Amino acid sequence: MTAYIIRRLFLLIFVLVGVSVLIFGILMTFSPERRAMAYVESPQQVKDIPQIIEQHGLNDPFYIQYFRWLKQIATGNLGWSFVAADTVWDAFWYYLPITLELNLFAIPLIIIIGIWLGTQAGIHKDTWIDHSTRIFAIIGWSLPTFLFALIMLMLFYGYFSVFPPGIISDHIQMFILKNPDKFKVYTGMYTIDGLLNGRLDITLDALRHLAMPVLTQVVVVVALLMRVMRSSMIEEISKDFVITARAKGADKKTVYFKHARKNALIPVVTVAGWLVAFSMEGSISVEIIFNRRGIGWWLAQSAISLDIPVLMGVCLFFGMVYVITNLAIDILYAAIDPRIRLT
């Protein structure tokens, strides 16, 4: 298995090169003048567009610009982000914990709820439990994320005033800024840093701001996982080994939860792994609507402003997430089903 993992990690290099060529090629479809606008910081600079094109080599052939960018990356310089007003590297590590914090709470809930509801729907096929979960799945999967997020925001903040948008309350933010010696930032995630600093009130405040973004992410994404689990569970329950076990008097709990569900998890692992990667990327609308300035918000603003260094850097990061997730899925296959060998 070790050789397999090393080989897959080695292939990661080629995947990232392919992703970078693809994205760089798409960006090259814009005219040099349009790409030069990304370097303009004031209306007075518009007249300097030809000089900007010359300065940054935007008229050079594709391969020269691409290798120039690769050379820059090799030295650890990902470029400058106009949206963040900081280097891409530093801005990335500022925004990443905010997105990670959202997914740290959302992804476990998505997996646990999806598997549990899908199992119950499969066991109780064509009963009210099955019909209820199917209706929930249809509503959750068909609702656009931004629409559901707006409904949650209007209902729980606009009407009930219980779950505000943002990351943390203003008075706590001011306390942290004014007292850097009393609150040390360890992870950039307030829910964890609050505990590490012994400030439970900050953790609870951060959780209050996380409630609606997490709920939105869970409701919209869990539907697919639940449907896959239900279908897989129904297929396993109808197999001969389950029927034979039931005929020999094995109790339902052992047959369903110990044997059938374990086999049903194999296709679910594939979908769950894909959803983990999707959640990292798909949090864009959630972060924008709930004013959580994480990687998704930064990527959306950079796309609008054509902040090319950010687009390249973040897309490479997402490519790496997808490759590592697929590798983890393959390893889980072997752990769940001993018949699968990784060679």
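See above for the structure.
Cut-offs applied
- Residues numbered from 1 in each chain as written.
- Predicted model: local features only at pLDDT ≥ 70, side-chain atom pairs only at ≥ 80, totals over all residues.
- Heavy atoms only, no water.
- Axes fitted to C-alpha atoms, helices over the stretch in contact; angles between N-to-C directions.
- Helix = DSSP H or I, 4+ residues; strand = E, 2+ residues; numbered from the N terminus.
- Parallel < 35°, antiparallel > 145°, perpendicular 65-115°, else oblique.
- Left-handed = near helix turned anticlockwise from the far one by under 90°.
- Contact = heavy atoms within 4.5 Å.
- Nonpolar A, V, L, I, M, F, W, Y, C, P; charged D, E, K, R; others polar.
- Core = buried A, V, L, I, M, F, W, Y, C linked by side-chain atoms within 4.5 Å.
- Buried < 20%, exposed > 50% of the residue type's maximum accessible area, 1.4 Å probe, protein only.
- Expected span 1.5 Å × (residues − 1).
- Bend = angle between axes of the 7 residues up to and from the residue.
- Patch = residues over 30% accessible without salt bridge, like charges linked within 9 Å, V, L, I, M, F, W, Y side chains within 5 Å.
- Areas by Shrake-Rupley, 256 points an atom, 1.4 Å probe, with all protein chains shown as cover.
- Salt bridge = Lys/Arg side-chain N within 4 Å of Asp/Glu carboxyl O.
- 1 Å grid on protein atoms, 1.4 Å probe; cavity = no way out; pocket = protein on both sides within 12 Å on 5 of 7 lines; lining within 4 Å.
- Points joined across faces, edges and corners; volume = space filled by probe spheres on them.

I keep staring at the packing of helix α1 (residues 2–27) against helix α4 (residues 62–74) and nothing clicks. Help me out?
The description of two packed helices rests on the angle between their axes and on the distance between the axes. Between α1 and α4, whose axes approach to 11 Å, the crossing angle comes to 130°. Between α1 and α4, the crossing angle belongs to the class labelled oblique. At the point where α1 passes α4, the crossing takes the right-handed sense. Seen from α1, the contacting residues are V17, S20, V21, F24 and G25; seen from α4, they are F62, Q65, Y66 and W69. Of the residues assigned to the contact of α1 with α4, the class counts are 6 nonpolar, 3 polar and no charged.

Any chance you could explain the side chain of D130 here in plain terms?
Mapped onto the secondary structure, D130 falls in helix α6 (residues 128–142). Residues within four places of D130 in sequence aside, it is in contact with A121, H124, K125 and R230.

Could you clarify how one ought to interpret the environment of G57 in this entry?
By secondary structure assignment, the location of G57 is in the loop between α3 (49–56) and α4. Note: C-alpha distance between G57 and L196 (139 residues apart in sequence) is 48 Å. Contact partners of G57, with chain neighbours within four places excluded, come to Q65 and R68.

What's the story with the nonpolar core in this structure? I'm lost.
A general feature of soluble globular proteins is that nonpolar side chains tend to end up buried together. Within the largest apolar cluster, 33 residues are counted, with the highest numbers of intra-cluster contacts made by I110, L225, M233 and F290. Those elements that provide at least two residues to this core are α5 (88–123), α7 (145–159), α10 (200–237), α12 (252–282) and α13 (284–289). With 12 residues, α10 is the largest single contributor of residues to this core. I23, L78, V88 and L306 belong to the second largest nonpolar core, which has 31 residues in total.

Before we go on, may I ask you to explain the environment of L78 in this structure?
Take L78: it is sitting in the loop between α4 and β1 (80–81). Considered as a pair, L78 and I237 are 159 residues apart in the sequence and their alpha carbons are 52 Å apart.

For this particular structure, what's the right way to read unusual backbone geometry?
Peptide bonds are mostly trans, and most non-glycine residues show a negative phi. Positioned with a positive phi, A85 is a non-glycine residue whose angle comes to about 55°. Turning to its location among the elements, A85 is positioned in the loop between β1 and β2 (86–87). Even without a glycine there, the phi angle at N291 is positive, about 55°. Note on placement: N291 falls in the loop between α13 and α14 (295–305).

When you look at α10 in this model, what are you seeing that I'm missing?
Every α-helical turn comprises 3.6 residues, leaving residues that sit three or four positions apart pointing alike. Here α10 is 38 residues long, yet its end C-alpha atoms lie only 46 Å apart, well below the 56 Å a rise of 1.5 Å per residue gives. The principal kink in α10, of about 40°, is found at L210, preceding the proline P213 by one to four residues.

It is not clear to me how a nonpolar patch on the surface should be interpreted in this structure. Could you clarify?
On the surface, a cluster of nonpolar side chains totalling about 960 Å² of accessible area is made up of F10, L11, I13, F14, V17, V21, F62, Y63, I64 and F67. At the level of secondary structure, the elements contributing two or more residues to the nonpolar patch comprise α1 and α4. Take the nonpolar patch: its biggest share by element is 6 residues, from α1. Its location among the elements puts V21 in helix α1. Judged by relative accessible area, V21 falls into the partly exposed class, the value being 34%.

It is not clear to me how the layout of surface pockets should be interpreted in this structure. Could you clarify?
Using a probe with the size of a water molecule, rolled over the atoms, empty space left in the structure can be pinpointed. Space inside the largest pocket adds up to approximately 510 Å³. Along the walls of the largest pocket sit 20 residues, with Y94, I167, I168, Q173 and Y190 positioned nearest its centre. Residue assignment for the lining of the largest pocket shows that the elements contributing at least two residues are α5 and α8 (170–178). For the lining of the largest pocket, the per-class residue count stands at 12 nonpolar, 6 polar and 2 charged.

It is not clear to me how α1 should be interpreted in this structure. Could you clarify?
Spanning 26 residues, α1 covers 38 Å between terminal C-alpha atoms, matching the ideal 38 Å at 1.5 Å per step. Residues of α1 that are buried sit in contact with α2 (32–36), α4 and α15 (308–336).

Before we go on, may I ask you to explain the side chain of Q120 in this structure?
Mapping Q120 onto the fold places it in helix α5. What makes Q120 buried here is its relative accessible area of 15%.

Is there a simple way to think about the pattern of salt bridges in this case?
Tallied over the full model, the rule gives 7 salt bridges. Between D60 and R68 there is a salt bridge, with the nearest N and O atoms lying 2.3 Å from each other. The exposure class assigned to D60 is partly exposed, which follows from its relative accessible area of 29%. One network of salt bridges, with partners in common, ties together D130, R134 and R230.

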